[in-house]
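# A look at the structure
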Amino acid sequence: MKGRTGGLTAKMNNQNQNRRQQENDQLVRKADQNKISLAEIFMANSQQLGGLEDGKVTKMYFHKFLFMEQVCFAFNLMGLGISVIQYDLEYEEFTNEDPMKDISLWLLWLVFVSSCLLVFLTVYRYQAHIEWMKSRKSMAPGDQIWHTDDWLPMLIELAVYCIVPLPFTKGIRVNFYNPIQGSEAYYHVNEILALIMICRVIYLYRTLLTLTFWYNNRTQRVCNLYACESNYMFVAKSLLRTMPYTALFIALISLICIFGYAVRICERPLSRNDPTSNNLGVFQNALWNIIITITTVGYGDFYTRTDLGRFVIFIVCVLGIFVVSVMVVTLIESLKVTSLEGHAITVLERVALREKLKHEAALVIILTAKAALGYKNGTLTRKQHHQLIVRLKQTLINFKMTHRQHKTKQDENSLNEEITNQFSLLKNDFKQLMERQQVLISTNNLIYQKLGFDNNKSIVNI
C-alpha cells in the first residue's frame, strides 16, 4: 500500500513539474516573439531616466535653433546700428538740397525692411526651438506654439521689433515745455521710436547667453537629472559662479554705453536752445552722468532735465543698486576660505604657534637661570631681582597661553579631520548602496519585460 501511494505521489509531482516547465517555455517564447531589447526598455523609460533621446537628431535640431538665434542676432544688431547712425542724421535737420537727407531716408527704409525680416525670422526661431524640445521628448509631437508658455514672450518680442523709426514719420515733431530751461523744445517722433528701440538690447544679451557652454543639449540633460530648470537665468547664475568678474565687467560697460546713448537722446533737444549749460547731448557727458549714477556716487555736475531723461535715470538707479550689490557679494564670496585653504591655514598657524612656544620656553629657561645665578652669587640688587621675577612671571603666562592656543588648534584640526573622514565614509557607503539598488531595479525591470508582465502591476502584486 505504501509503495502504491509513493508511486502515485511521484507521478503527480512529475506531472506538476512538466506543466510548470511548459508554462515557463510559453512565457519565454512569448517574450522572444515580442523581441523586447534592453535599449527599448531604456527608451520606453526615457523620461524617468532624465530625458534620454536620440543624440544625433537632437543635436541637429539644436544646431538649427542655434543658427536661427544667430541670424536673428545679426539682423537685430544691424537694425540697432543703422538706427544710431540715422538718429544723428535726422537730428541735424538737413535741407532738401542736402544729399545727407536722402541718406537718412534710405537708412530709415533699411531699418524698416530689416525689422520686417526680423519679425519673420523670430517666428521661425521659436518654431525651431519647439522642434528641438520635441526631439528631446520634452513636448508632445502635436504641440504648437500656442500650446506652450512661449507664445506670450514671442508676442512681446515681436511687438518690440515692430517699434522702429519709420520713413513715414520722418520730420514729425512733438513739442514740449521744459520748466527748468524755461523754454519750449521738441523731439522728432523717430527720436522717441529710436529710444524705445533700445529695448532690443535685451534679446542681444539672450543670444550671448545662448552661445555659452551653459546652454546646450548636455546642460538640458543634466538639469533634468537633477530636477532643475535649464533656462537663461540658470546660464546667468553659472556665469556669475564660474567667471563673476568678467561677466560683471562686460555687463557694467555695456549698460553704461546703452543708457548713456538713451540719456543723450532724451536730453539732446534742450541743447538746441542752450548748448553750453549742462549739455547731456554730448555723448561723453552722458556717459559720465551714467557712471556716477550707476555707481551710486552722484556728483551732481550733470543731471537730467526732461521727463524721459529722469525716467531713464530711475532705471539706471535701480540697476546700479543691483550691480553694486552683486559686485559686493561676488567680492565677499571670492574672499571666503575654502576647506582646503582652511586646512592649510590651520597647519601654518600650528607651525607658527609651535615656533612661538619654543621661543617662550627658551625665554623662561633663560630668565629662570638668570634669577637663580643672581640669587646664588648675589650679583643682583633687590630691584633688579624683583624686575627679573616679574618678567619671568609674565613670560610664564605667555607660555601657558601659547601652549593652550597650540593645543586648541591641534584638537580643532583633529576634530575637523575626523568629522570629514566620517562623512566621506558615509557618503561612499550611501553611494555603493544606491548603485546596488539601481542594478537590482534594472535587473527586475528587464526580467519583468522578458516575461511579458506589466512592471507596475507586478510590483503591486508582490
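One structure accompanies this document, and this report is about it. (Residues numbered from 1 in each chain as written. Predicted model: local features only at pLDDT ≥ 70, side-chain atom pairs only at ≥ 80, totals over all residues. Heavy atoms only, no water.)

## So, the overall build of the protein chain
Each helix and strand in the protein chain was counted, giving 15 helices and two strands. The 462 residues of the protein chain split such that 32% are buried. Counting only contacts in the protein chain whose residues sit at least 6 apart along the sequence, the fraction spanning at least 24 positions is 71%. Roughly 30,000 Å² of accessible area belongs to the protein chain as shown, and the carbon and sulfur atoms make up 64% of that amount. (Helix = DSSP H or I, 4+ residues; strand = E, 2+ residues; numbered from the N terminus. Buried < 20%, exposed > 50% of the residue type's maximum accessible area, 1.4 Å probe, protein only. Contact = heavy atoms within 4.5 Å. Areas by Shrake-Rupley, 256 points an atom, 1.4 Å probe, with all protein chains shown as cover.)

## Some words on helix H4 (residues 99-135)
The terminal C-alpha atoms of H4 lie 53 Å apart, and with 37 residues this matches the ideal 54 Å at 1.5 Å per residue to within 8%. Positive phi appears at Lys 137, one or two residues downstream of H4, with a value of about 65°. (Expected span 1.5 Å × (residues − 1).)

## Regarding the side chain of Ser 114
For Ser 114, the location among the structural elements is in helix H4. In this structure the side chain of Ser 114 is engaged in a polar contact, spanning 2.9 Å, whose partner is the backbone oxygen of Val 111. Aside from chain neighbours lying at most four places away, what touches Ser 114 is Phe 75, Met 78 and Gly 79. (Polar contact = N/O pair within 3.5 Å; in protein donor to acceptor, adjacent residues only side chain to side chain.)

## Here we look at the pairing of strand E2 (residues 183-188)
On a regular strand, one side chain projects to one face of the sheet and the next to the other, so that they alternate. In terms of strand pairing, strand E1 (residues 173-178) meets E2 through six bridges, oriented antiparallel. Bridging across to E2, Arg 173 finds its partner in His 188. Remark: four residues form the turn of the hairpin made by E1 and E2, two consecutive strands paired antiparallel; Gly 182 in that turn has positive phi of roughly 75°. (Pairing = 2+ DSSP bridges.)

## Some details on the packing of aromatic side chains
Between two aromatic rings, the relevant description is the distance of the centres plus the angle of the planes. In this structure the tally under the stated criterion is 14 aromatic pairs. Taking 5.2 Å as the distance between ring centres and 5° as the angle between the ring planes, the aromatic pair formed by Tyr 215 and Tyr 232 counts as stacked. Highlighted residues: Tyr 215 in the loop between helix H7 (201-210) and helix H8 (217-225) and Tyr 232 in helix H9 (residues 232-242), separated in sequence by 17 residues. Overall, Tyr 215 belongs to the buried group, its relative accessible area being 4%. A residue is classified by how much of its surface remains accessible, and Tyr 232, at 25% relative accessible area, is partly exposed. A cation over a ring is seen here: Arg 125 above Tyr 126, with NZ or CZ 4.8 Å from the ring centre. Of note, Arg 173 hangs over the ring of Tyr 186, and the distance from its end group to the ring centre comes to 4.2 Å. (Phe/Tyr/Trp six-rings, centres within 6.5 Å; stacked < 30°, edge-to-face > 60°. Lys NZ or Arg CZ within 6 Å of the ring centre and 35° of its normal.)

## Focus on the nonpolar core
One finds Ile 198, Val 263, Ile 290 and Val 312 to be the most contacted residues of the largest nonpolar core, which totals 33 residues. Within the residue set of this core, elements represented by two or more residues are helix H3 (55-92), H4, helix H6 (189-197), H7, helix H10 (244-267), helix H11 (283-294) and helix H12 (307-335). The element contributing the most residues to this core is H10, with 10 residues. Not counting residues up to four positions away in its chain, the partners in contact with Val 312 are Phe 259, Ala 262, Val 263 and Cys 266. In terms of nonpolar packing, the next biggest core, distinct from the first, is built from 25 residues, Cys 72, Ile 130, Met 154 and Tyr 215 among them. (Core = buried A, V, L, I, M, F, W, Y, C linked by side-chain atoms within 4.5 Å.)

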